[in-house]
Amino acid sequence: MTAASLPTAPAADSHYDRATIAFHWLTVILVVGLFALAEIWGFLPRGTPTRRLLQSLHISFGLLFAAVFVLRVVWRLGAGRQLPPAGAGWLRLASSGMHGVLYLLLAAQIVLGFLFRWAQGEPFAFFGLFDIPTLISIDHEQRRFIGGLHNTVAWSIIVLACIHAVAALFHHYVLRDGVLRRMTSSR
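Summarised in this report is the structure supplied together with it. Being a predicted model, the structure only gives us computed values, none of them experimental. Every chain is numbered on its own, with residues counted from 1 as its sequence reads. Reporting of local features is limited, given that this is a predicted model, to residues whose pLDDT is at least 70; pairs of side-chain atoms are given and counted only at 80 or more, and all residues count toward the totals for whole chains, interfaces and linings. For side-chain calculations, the full set of non-hydrogen atoms in the structure is used, while hydrogens and water are omitted.

### Some thoughts on the overall build of the chain
- When you go through the chain residue by residue, the secondary structure sums to four helices and two strands.
- Listed N to C, the secondary structure of the chain is α-α-α-β-β-α in terms of helices and strands.
- A simple rule labels every residue: compare its accessible area, found with a 1.4 Å probe on the protein chains alone, to the largest value its type can have, and call it buried under 20%, exposed over 50%, or partly exposed in between. Going through the 187 residues of the chain one by one, you find that 30% of them count as buried.
- Any pair of residues with heavy atoms lying within 4.5 Å of one another is described as a contacting pair. Considering only intrachain contacts with a sequence separation of at least 6, the fraction spanning at least 24 residues in the chain is 74%.
- Total accessible area on the chain stands at roughly 12000 Å², and carbon and sulfur atoms take up 69% of it. Under the scheme used here, helices are H or I runs from DSSP no shorter than 4 residues and strands are E runs no shorter than 2 residues, and both carry numbers assigned from the N terminus. Accessible surface area values rest on a Shrake-Rupley calculation with a 1.4 Å probe, where residue burial reflects the displayed protein chains alone.

### Some words on the packing of helix α2 (residues 49–77) against helix α3 (residues 90–120)
- As a rule, the C-alpha atoms of each element are fitted with a line to give its axis, helices using only the stretch in contact, and angles between N-to-C directions run from 0 to 180 degrees. The N-to-C vectors of α2 and α3 enclose an angle of 145 degrees; their axes lie 11 Å apart at closest approach. With respect to the hand of their crossing, α2 and α3 are arranged in left-handed fashion. On α3, the residues that touch I59, L63, F65, A66, F69, R72, V73 and R76 of α2 are Y103, L106, A107, I110, F114 and R117.
- Under the scheme applied, nonpolar residues are Ala, Val, Leu, Ile, Met, Phe, Trp, Tyr, Cys and Pro; charged residues are Asp, Glu, Lys and Arg; polar residues are all the others, including Gly. Within the contact of α2 with α3, the residues separate by chemical class into eleven nonpolar, no polar and three charged. Take the far helix as your reference; a near helix turned counterclockwise from it by less than a right angle gives a left-handed crossing, and one turned clockwise gives a right-handed crossing.

### Regarding the environment of S95
- Following the sequence through the fold, S95 ends up in helix α3.
- Separated by 69 residues in the primary sequence, S95 and H164 place their C-alpha atoms 8.4 Å from one another.

### Quick notes on the nonpolar core
- In terms of nonpolar packing, the biggest core is built from 29 residues, with V31, F65, F69, L106 and I157 touching the most fellow members.
- If you list the elements that add at least two residues to this core, you get α1 (18–41), α2, α3 and α4 (143–175).
- Looking at this core, the element that brings in the most residues is α3, giving nine residues.
- With near-sequence residues (within four places) excluded, F65 lies in contact with T27, L30, V31, L34, L106 and I110. Throughout this description, the term nonpolar core refers to a set of buried Ala, Val, Leu, Ile, Met, Phe, Trp, Tyr and Cys residues connected via side-chain atoms within 4.5 Å.

### Quick notes on the packing of aromatic side chains
- Any Phe, Tyr or Trp ring, taking Trp's six-membered ring, that has another such ring centre within 6.5 Å forms a pair; planes under 30 degrees apart are called stacked, those over 60 apart edge-to-face, and the others tilted. Enumeration according to the criterion identifies nine aromatic pairs in this entry.
- Aromatic side chains F61 and F127 sit 5.0 Å apart centroid to centroid with 85 degrees between the ring planes, which places their arrangement in the edge-to-face category. Taken together, the residues span a long stretch of sequence, with F61 in helix α2 and F127 in the loop between β1 (125–126) and β2 (130–131) at a distance of 66 residues.
- Under the relative-accessibility criterion, F61 is labelled partly exposed at 30%.
- A residue is classified by how much of its surface remains accessible, and F127, at 35% relative accessible area, is partly exposed.

### With respect to a nonpolar patch on the surface
- Nonpolar side chains collect at one region of the surface, where F61, L64, F127, L129 and F130 lie side by side and expose about 460 Å² of accessible area between them.
- If you trace the backbone, L64 turns up in helix α2. Patches here: salt-bridge-free residues with over 30% relative accessible area, like charges joined within 9 Å, nonpolar side chains (Val, Leu, Ile, Met, Phe, Trp, Tyr) joined within 5 Å. Each reported salt bridge corresponds to a side-chain nitrogen of Lys or Arg within 4 Å of a carboxyl oxygen of Asp or Glu.

### Some words on the side chain of S60
- Here S60 is to be found in helix α2.
- Exposure remark for S60: the relative accessible area of 1% places this residue in the buried category.
- Excluding residues that lie within four positions of it along the chain, S60 makes contacts with A125, F126 and F127.

### Comments concerning α1
- Compared with an ideal rise of 1.5 Å per residue, which puts 24 residues at 34 Å, α1 spans 34 Å between its outermost C-alpha atoms and is within 8% of the ideal.
- By the burial criterion, the buried members of α1 are T20, I21, F23, H24, T27, L30, V31, L34, F35, L37 and W41.
- Buried positions along α1 lie against α2, α3 and α4. A helix is expected to span 1.5 Å for every residue after the first.

Pasting the structure below:
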């Protein structure tokens, strides 16, 4: 193997800043955790204390996710380090498209979560510390439709996030272009 064929380490300015990396991985943890909570309580009988606890945690962590998402978008549009695209041609288009769709779905999921809770007409509390007021009145009959849409968007996010992760691993192990390292270290 010649020196010219060895993969090169990415340049120092080819890494995202620490805040961007933290927002990314916090988003991953919250999205996976929220999805897992919802899937787990689906196996429990309605009205049980454990199911109610999981739903309460889902709501509280969902509110935390909403705050993290807003901060992430503000950071990305403002002070966050913007990197050049990792690829060209169809790779660049696929990457930009995937990120755009994921951001849109995450935003839609937050809105649907708020609408669904308001349609249920039940308390909307953040870890029991404070309640989120109902800002708009939603017909209780629309609850089922909004809940179904919330579930469909959740599954869409999980599927696309898995594709996103596989693409990052492809870049790392097959293309060896340092793309995965951009989001794993700020050095």
